[in-house]
Amino acid sequence: MAFVITSPCGQEKAAECVDVCPVDCIEEGEDQYFIDPNTCIDCGACVAACPVDAIVDEHELSPDQEVQLEKAENFFG
């Protein structure tokens, strides 16, 4: 998984990331959006479009954001 959508998305759920994704890899969950790691091409368009800076490279997650990675993994099964 290259990018992870973190908790600010749950508060905003703005969806600009969905609109700019060239491969439609971002799906809406119950409380936030999630990036499908099997479809994502790592282009970074979603990162630039997110108005709340909720999208983070998996390797740059802070310890308190690790739960968001687990949440995304569970969403896509």
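Just so you know, these numbers come straight off a predicted model, no measurement behind them. (Residues numbered from 1 in each chain as written. Predicted model: local features only at pLDDT ≥ 70, side-chain atom pairs only at ≥ 80, totals over all residues. Heavy atoms only, no water.)

A. Structural detail: the environment of D42. One can find D42 in the loop between β3 (33-35) and α3 (45-49). D42 gets classed as partly exposed once you look at its relative accessible area, which sits at 46%. C-alpha separation for the pair D42 and F3, spaced 39 residues apart in sequence, amounts to 7.5 Å. (Helix = DSSP H or I, 4+ residues; strand = E, 2+ residues; numbered from the N terminus. Buried < 20%, exposed > 50% of the residue type's maximum accessible area, 1.4 Å probe, protein only.)

B. Region of the structure containing unusual backbone geometry. The backbone phi angle of K13 is positive, close to 50°, even though this residue is not glycine. On the secondary structure map, K13 appears in the loop between α1 (8-12) and α2 (16-20). Backbone geometry at D53 places phi at a positive 50°, although glycine is not the residue there. Structurally, the position occupied by D53 is in the loop between α3 and β4 (55-57). Using a relative accessible area of 62% as the deciding quantity, one classes D53 as exposed.

C. Quick peek at the nonpolar core. Counting 16 residues, the largest nonpolar core has I5, I26, I35 and I55 as its most contacted members. Counting residues per element, the ones that place at least two in this core are β1 (3-5) and β3. Not counting residues up to four positions away in its chain, the partners in contact with I55 are F3, V4, I5, C17, I35, C46, V47 and C50. (Core = buried A, V, L, I, M, F, W, Y, C linked by side-chain atoms within 4.5 Å. Contact = heavy atoms within 4.5 Å.)

D. Region of the structure containing helix α4 (residues 66-75). Taken as a whole, α4 has its buried residues at Q68, L69 and A72. Down the axis, α4 shows its buried residues gathered within 105° of arc, on one side only. Facing away from the buried surface of α4 by more than 90 degrees, the exposed residues are V67, E70 and N74. Those residues of α4 that are buried are in contact with β1 and β3. Positive phi shows up at G77, right after α4, with a value of about 65°. (Arc of directions from axis to C-beta.)

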